Amino acid sequence: MNKKASAKGKRVNKSAYAPETRLIWGKSFTPKWDYSHHVVPPISSSSTFRLSTTKRGAKGFIEFAHHADDFTVQSKAPIYIYDRLGEPNKDMLEENLTTAEHGECAVTFATGMAAVSAVCGILLGSGSEIIAHKMLYGCTYSLFKNWLPRYHIKVTWVDFNDHKALNKAISPQTRLLYFETPVNPTMELIDIRKVVEIAKRQNSHRSKAHQILTAVDNTFATPFCQRPFEQGIDFVIESLTKGLLGFGTDMGGAVIGPSWSYDRLLLYRKDFGGVLGAKSAWPILVYGLPSLAVRFTQQMKTAQLVAEFLEHDKRIGLVNYPGLESFNQRALAQSQMQNYDGDFAPGTMMYFIPKGKTPQERHRKANRLVNYIAGNSYTMTLAVSLGNIRTLIEHPASMTHSSIPPEEQLKRGIHPGGIRLSIGLEKAKDIIHDLKKALSKM
Ligand SMILES: *Cc1c(COP(=O)(O)O)cnc(C)c1O
């Protein structure tokens, strides 16, 4: 390699430097990391970026998070400064997430919870109010219950399927309507169009600064099964740890939103610091998103067969899976859960309860079933998380949702005998074989 090409402009005589120094700088001296010849983007693993001149550095700082104000300051090539502000792997992943969700922009975070916090962080302030559906993922519940009130943010819990109550709960301080659909873990659905309509009606006589925004956590469905932007939602949250990566090797989160929120989200991420590591962005970009459609198409077929098996078993009292004819919100499921072709896409998650005369008996049976599976099943593992290529089973009342007190759990729809099942890529007949064995020991 000639000296000029390797040092790009800097005329240095490397042999004048000690081996120790040269082992630090090596040959990798180039002002721009050019990976255009790679078929797979390399893992960009640099916390900081070389700025060839102070002028370029200053320009990078001026351009950071200045998209909405003045698009004219944007250079053709992004100026990377420091990983917390932005780097190539996350940029590529965010571009693809925007595409997947049919949104306007995406900003990634270290975890799904960091993404939930970011939506609250950019939209809520002291004195404002968030209205949340009565049941949410356990840590989101805990964030809303234990932390937001410390910042003098009022949290009001409402049943989002009671549209009158939701409409009535809205106050002049309300800034955000927040929910999940399907709800983790009960698989209850919320009508996205209805929530959007309620916000819109209220907004028609509110000033711009007092508009009510809507946010939905789309983790259970993933954009393959549901794209809430098509129904008018303002913000979508995803835990990338779950179905979007699918292989269970890394954690991540994302907020997908309107373009006006892009700079705010970037600034929030820069200052609160919950950035997604490039090493975790990479597998989501390279393995997760490209395989989402095939994984989910296959896992849904299996989920359908497993749900039908459970439904027909006399030892099971209730199976909540949107793909079942008997699902109590079947029409809503069909109208808002669809894949990119518009075909019904009920997802890979289900919730079921063993039959029993009393809640205690159902709880005991659920424990026995899950423990037998934990100790004996080949195709199912007792573990939290979901959307994985491996089938995972767990007991929400004592695990993922244990931050909600038992009496509150019951009121909000979690049963002590309820079991959450996330279907993976194993053959349906093998999962059913293991379930049959476990049911016989229940
Ligand atoms: C897991 C989960 C989260 C949190 O995601 P993490 O990546 O674990 O932080 C948020 N919402 C839902 C619905 C989840 O299932």
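Keep in mind that what you see is a predicted model, and the values were worked out from it rather than measured.

What counts and what doesn't
Per chain, residue numbering runs from 1 following the sequence as it is written. Local features in a predicted model are, by the rule used here, given only for residues with pLDDT of at least 70; side-chain atom pairs are given and counted only at 80 or more, and totals for whole chains, interfaces and linings are based on all residues. With hydrogens and water excluded, all non-hydrogen atoms of the structure serve as input to the side-chain values. Put simply, DSSP marks the helices as runs of H or I at least four residues long and the strands as runs of E at least two long, and each gets a number from the N terminus on. Only C-alpha atoms enter the radius of gyration; for comparison, a globular chain is expected to reach 2.2 Å times N to the power 0.38, where N is the number of residues. A simple rule labels every residue: compare its accessible area, found with a 1.4 Å probe on the protein chains alone, to the largest value its type can have, and call it buried under 20%, exposed over 50%, or partly exposed in between. Here, residues are in contact when the closest pair of their heavy atoms is within 4.5 Å. Domain start and stop positions are those given by an automatic or database domain assignment. We define proximity as follows: a residue is near a molecule or strand when any one of its heavy atoms falls within 4 Å of that partner. Side-chain atoms alone can form a polar contact between residues adjacent in sequence; in general such a contact is a pair of N or O atoms within 3.5 Å, and within protein one must be able to donate a hydrogen while the other accepts it. Nonpolar residues are Ala, Val, Leu, Ile, Met, Phe, Trp, Tyr, Cys and Pro. Charged residues are Asp, Glu, Lys and Arg, and all others, Gly as well, are polar. Angles shown run from 0 to 180 degrees and are taken between the N-to-C directions of axes, each axis being a line fitted to C-alpha atoms and, for helices, limited to the stretch in contact. The cut-offs work like this: below 35 degrees is roughly parallel, past 145 is roughly antiparallel, 65 to 115 is roughly perpendicular, and the gaps in between are oblique. It is the rotation of the near helix from the far one that decides the hand of a crossing: anticlockwise by less than a right angle makes it left-handed, clockwise makes it right-handed. Strands are labelled as partners when DSSP assigns at least two bridges between them. The pairing test for Phe, Tyr and Trp rings, Trp by its six-membered ring, is centres within 6.5 Å, and the orientation test on the planes gives stacked under 30 degrees, edge-to-face over 60, and tilted for anything in between. We score Asp and Glu as negative and Lys and Arg as positive, and we do not count His or the chain ends. Criterion for a salt bridge: a side-chain nitrogen of Lys or Arg within 4 Å of a carboxyl oxygen of Asp or Glu. With its strands directed away from the observer, a crossover is right-handed exactly when the path from the first strand over the helix to the second travels clockwise.

The subject of this paragraph is the overall build of the protein chain. When its secondary structure is counted, the protein chain shows 16 helices and twelve strands. A globule of 442 residues ought to have a C-alpha radius of gyration of about 22 Å, and the protein chain, at 24 Å, matches this closely. Over its C-alpha atoms, taken along the principal directions, the protein chain stretches across nearly 85 × 55 × 40 Å. Counting only residues that meet the buried cut, the protein chain has 54% of its 442 residues in that class. Long-range contacts, defined here as pairs at least 24 residues apart, represent 72% of the contacts in the protein chain between residues at least 6 apart.

This part covers the domain arrangement of the protein chain. Annotation of the protein chain at the domain level lists domain 1 (3–63), domain 2 (88–291) and domain 3 (297–440). Computed from C-alpha coordinates alone, the two centres of domain 1 and domain 3 are separated by 51 Å.

The next subject is the site of the ligand. Inspection of the region around the ligand gives 14 residues, with Gly112, Asp217, Ser239, Thr241 and Lys242 positioned closest. Within the side chain of Ser239, one N or O atom sits 2.8 Å away from an oxygen atom of the ligand. One nitrogen or oxygen atom from the side chain of Thr241 is found 2.7 Å from an oxygen atom belonging to the ligand. In terms of residue class, the shell around the ligand is built from four nonpolar, seven polar and three charged.

So, about the packing of helix α5 (residues 112–123) against helix α11 (residues 262–272). Following both chains from N to C, one finds α5 and α11 inclined at 115°, their axes separated by 10 Å at the closest point. The angle between α5 and α11 places the two elements in the roughly perpendicular class. For the pair α5 and α11, the crossing hand works out as right-handed. Only Arg264, Leu265 and Tyr268 of α11 make contact with α5, whose side of the interface consists of Ser117, Ala118, Gly121 and Ile122. Looking at the contact of α5 with α11 residue by residue, the classes come out as four nonpolar, two polar and one charged.

Turning our attention to the pairing of strand β12 (residues 419–422). Because side chains alternate across β12, one face comprises the buried residues Ile419 and Leu421, and the other comprises Arg420 and Ser422, equally buried. Sheet analysis places strand β9 (residues 349–354) next to β12, joined by four bridges and oriented antiparallel. Paired with Met350 across the bridge in β12 is Leu421.

Here we come to the sheet that holds strand β5 (residues 213–217). A sheet is described by the order of its strands in space; here seven strands give the open sequence β1-β7-β6-β5-β4-β2-β3, paired in mixed fashion. Whereas interior strands pair on both sides, the edge strands pair on one side only; in this sheet they are β1 (105–109) and β3 (154–158). Between one strand and the next, the sheet's axes are offset by a mean angle of 20°, whatever the strand orientation. Pairing of strand β2 (residues 129–133) with strand β4 (residues 174–180), which is carried by four bridges, proceeds in the parallel orientation. Note on β4: the bridge partner recorded for Ile131 is Leu177.

Moving on to the packing of aromatic side chains. Inspection of every chain in the model, using the stated rule, returns nine aromatic pairs. Consider the rings of Phe235 and Trp260, whose centres lie 5.9 Å apart with planes at 90°: the pair is edge-to-face. Of the two residues, Phe235 sits in strand β6 (residues 235–239) while Trp260 sits in the loop between β7 (253–257) and α11, which places them 25 residues apart along the sequence. Of the residues examined, Phe235 reaches a relative accessible area of 0% and is grouped as buried.

Counting through the fold element by element, Glu180 comes out in strand β4. Among buried Asp, Glu, Lys and Arg side chains, Glu180 stands out as unpaired, with Arg420 the closest opposite charge at 8.3 Å. A polar contact of 2.7 Å, which involves the side chain of Glu180, links it to the backbone nitrogen of Tyr137. When residues no more than four places from it in sequence are discounted, the contact partners of Glu180 are Leu136, Tyr137, Thr140, Ile190, Val216 and Asp217.

This part is about the environment of Pro322. Following the sequence through the fold, Pro322 ends up in the loop between β8 (316–320) and α13 (330–336). When near neighbours in sequence (up to four residues on either side) are disregarded, Pro322 contacts Met187, Phe327, Arg330, Ala333, Met337, Phe344, Pro346 and Met349.

Attention shifts here to the sheet that holds β12. As summarised here, the arrangement of the five strands in space is β8-β9-β12-β11-β10, forming an open sheet in which the pairing is mixed. This sheet does not close on itself; its edge strands, each paired only once, are β8 and β10 (380–382). Neighbouring strand axes in the sheet, compared pairwise and without regard to direction, differ in orientation by 25° on average. Sitting on the sheet, helix α14 (residues 359–376) touches β9, β10, β11 (391–394) and β12, and the angle it makes with β9 is about 125°.

A separate point is the pairing of β5. For β5, the buried fraction is high: five of the five residues fall into the buried class. Alternating positions in β5 separate into two faces, Leu213, Ala215 and Asp217 on one and Thr214 and Val216 on the other, with burial throughout. Across five bridges, the pairing between β4 and β5 is parallel. The residue of β5 that forms the bridge with Leu177 is Thr214. Handedness of the crossover is the feature at issue here: the chain leaves β4, passes through helix α8 (residues 192–203), returns alongside β5, and the resulting connection is right-handed. Bridging between β5 and β6 involves three bridges; their strand directions are parallel. By the bridge assignment, Val216 is partnered in β6 with Val236.

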